[in-house]
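# Summary of structural features
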Amino acid sequence: MEYESVVLVKQEVFVYKIPPRQSNRGYRAADWNLAEPTWTGRLRMVSKGKTLAVKLEDKNTGALFANCPIEAYPGVAIESVSDSSRYFVLRIQDDNAVSGRTAFIGLGFGDRSDSFDMNVALQDHFKWVKNEEQIAKEKEEPQQQLDLGFKEGETIKINMKITKKDGSEGGYRSGGAKKVGGLGLLPPPPGGNKIAPPPSAASPSHQPTADAAGSAGQSDWGEFTSAGEKPQTTATTPSQTNANWVQF
């Protein structure tokens, strides 16, 4: 159920009898007899749903003098004159008549601010009607759904920064050598021959024989012993063994 609401009320307006329009040019208030208005009364602008009407009423009794239904603004139902902002032309309609006869009358305000208020009320109403029609249209028409899925073969790339415990940033590494001071430390080989240390001269009781020294030189020291004298096959004294070591 739609309720009637009053949009605007002006306690004093003037109605004029206007001559027929002579050409396509706009109406001019100067052509009216402004000093002698035909009627003086109250104006009420009333809305009911999307419809709007200007009602001219007796300011004492409230009796209806004329009714002006407005379908659009600007439009033929209400027009501004070309020479003043305080005067308008209304197309009034006889609601009681079967034929629905219409006539055009002049409407004037004593204050310019009153005419400004009527313009604002007309614009606000029809702006609201336009918004309501747009909302109803969007409800009836299905909105196109956005396809946010991946197309076939489409991929995305994400760059991630990993912060270390010390606050520095670095990329993720799945394996490899650990970094210490910017250099990579590799683990030792799984095997290998260890080089035996040379015998000490302070303990002559454990000095090796010449044969043992010769065999040790060939196995542990490799080609380093080739730079010394050829090993003797005969037994040598401890002093000769020490001499070989010194020569090396």
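Residues numbered from 1 in each chain as written. Predicted model: local features only at pLDDT ≥ 70, side-chain atom pairs only at ≥ 80, totals over all residues. Heavy atoms only, no water.

### Remarks on the nonpolar core
Among the nonpolar cores identified, the biggest contains 24 residues, and Leu-43, Leu-56, Leu-90 and Met-118 are the most heavily contacted of them. Looking at this core, the elements that each hand over two or more residues are β1 (4-16), β2 (39-48), β3 (51-57), β4 (64-70), β6 (87-93), β7 (102-108) and α1 (112-140). Of all the elements, α1 adds the most residues to this core, at 4 residues. With residues near it in sequence (within four places) discarded, Leu-90 still touches Val-54, Leu-56, Cys-68, Ala-77, Ile-78, Ala-103, Phe-104, Ile-105 and Leu-107. (Core = buried A, V, L, I, M, F, W, Y, C linked by side-chain atoms within 4.5 Å. Buried < 20%, exposed > 50% of the residue type's maximum accessible area, 1.4 Å probe, protein only. Helix = DSSP H or I, 4+ residues; strand = E, 2+ residues; numbered from the N terminus. Contact = heavy atoms within 4.5 Å.)

### Details of the environment of Asn-33
Residue placement: Asn-33 occurs in the loop between β1 and β2. On the basis of relative accessibility, which here comes to 45%, the residue Asn-33 falls in the partly exposed class. When the C-alpha positions of Asn-33 and Tyr-16 are compared, they lie 7.4 Å apart, and in sequence the two are 17 residues distant.

### Observations regarding the packing of aromatic side chains
Each aromatic ring pair is characterised by the separation of its centres together with the angle its planes make. Considering all chains together, one arrives at 5 aromatic pairs under this definition. Taking 4.4 Å as the distance between ring centres and 5 degrees as the angle between the ring planes, the aromatic pair formed by Trp-39 and Phe-65 counts as stacked. Taken together, the positions of Trp-39 in strand β2 and Phe-65 in strand β4 put the pair 26 residues apart, joining distant regions of the chain. Look at Phe-65 and you get partly exposed, because its relative accessible area is 41%. An aromatic cluster is built from Tyr-16, Trp-32 and Tyr-87, whose rings are joined through pairwise contacts. (Phe/Tyr/Trp six-rings, centres within 6.5 Å; stacked < 30°, edge-to-face > 60°.)

### Some points on the environment of Arg-86
Its place among the elements puts Arg-86 in the loop between β5 (78-80) and β6. You can call Arg-86 partly exposed: its relative accessible area is 22%. For the pair formed by Arg-86 and Ser-113, sequence separation is 27 residues and the distance between their alpha carbons is 8.5 Å. A polar atom in the side chain of Arg-86 sits 2.7 Å from the backbone oxygen of Phe-109. (Polar contact = N/O pair within 3.5 Å; in protein donor to acceptor, adjacent residues only side chain to side chain.)

### Some words on α1
Between its first and last C-alpha, α1 extends 43 Å over 29 residues, near the 42 Å set by a 1.5 Å rise per residue. Every buried residue of α1 is accounted for by Asp-114, Ser-115, Met-118, Asn-119, Ala-121, Leu-122, His-125, Phe-126 and Val-129. (Expected span 1.5 Å × (residues − 1).)

### Regarding the environment of Leu-107
Position of Leu-107 relative to the elements: it lies in strand β7. Assessed through its relative accessible area of 0%, Leu-107 is described here as buried. Counting along the chain gives 94 residues from Leu-107 to Val-13, while the straight-line C-alpha distance between them is 7.0 Å.

### Points about the pattern of salt bridges
A full pass over the atoms with the stated rule returns 8 salt bridges. In this structure, the salt-bridge partner of Glu-79 is Arg-21, at a minimum N-O distance of 3.2 Å. On the criterion of sequence distance, the pair formed by Glu-79 in strand β5 and Arg-21 in the loop between β1 and β2 is long-range, its members being 58 residues apart. Across the pair Asp-94 and Arg-101 runs a salt bridge, and its minimum N-O distance is 3.7 Å. Its relative accessible area of 56% is what places Arg-101 among the exposed residues. Among the charged side chains, a network of salt bridges with common partners joins Lys-10, Asp-114 and Asp-117. (Salt bridge = Lys/Arg side-chain N within 4 Å of Asp/Glu carboxyl O.)

### Structural notes on a nonpolar patch on the surface
A surface patch of nonpolar side chains, about 530 Å² in accessible area, is lined by Phe-150, Ile-156, Ile-158 and Met-160. By the secondary structure assignment, Ile-156 is in the loop between α1 and β8 (162-163). Exposure remark for Ile-156: the relative accessible area of 57% places this residue in the exposed category. (Patch = residues over 30% accessible without salt bridge, like charges linked within 9 Å, V, L, I, M, F, W, Y side chains within 5 Å. Areas by Shrake-Rupley, 256 points an atom, 1.4 Å probe, with all protein chains shown as cover.)

### Things to note about the sheet that holds β2
On the basis of which strands lie adjacent, the open sheet formed by 7 strands has the order β4-β3-β2-β1-β7-β6-β5 and antiparallel pairing. Looking at the sheet topology across the chains shown, the edges are occupied by β4 and β5. The sheet shows a mean angle of 30 degrees between the axes of neighbouring strands, taken without regard to direction. By the bridge criterion, 6 bridges tie β3 to β4 in an arrangement that is antiparallel. Within β4, the residue paired with Val-54 across the bridge is Cys-68. (Pairing = 2+ DSSP bridges. Axes fitted to C-alpha atoms, helices over the stretch in contact; angles between N-to-C directions.)

### Some points on the confidence of the model for the protein
When pLDDT is averaged along the protein, the result is 75, and 62% of the positions lie at 70 or above. Per-element mean pLDDT across the protein ranges from 46 in strand β10 (residues 178-180) up to 95 in β2. A low-confidence stretch, residues 202-219 stays under pLDDT 50, and its non-local contacts, those more than four residues away or across chains, total 15 contacts. Low pLDDT (under 50) marks residues 224-229, which in the prediction has 6 contacts with non-local residues, meaning those over four places away or in another chain. (pLDDT = per-residue confidence, 0-100.)

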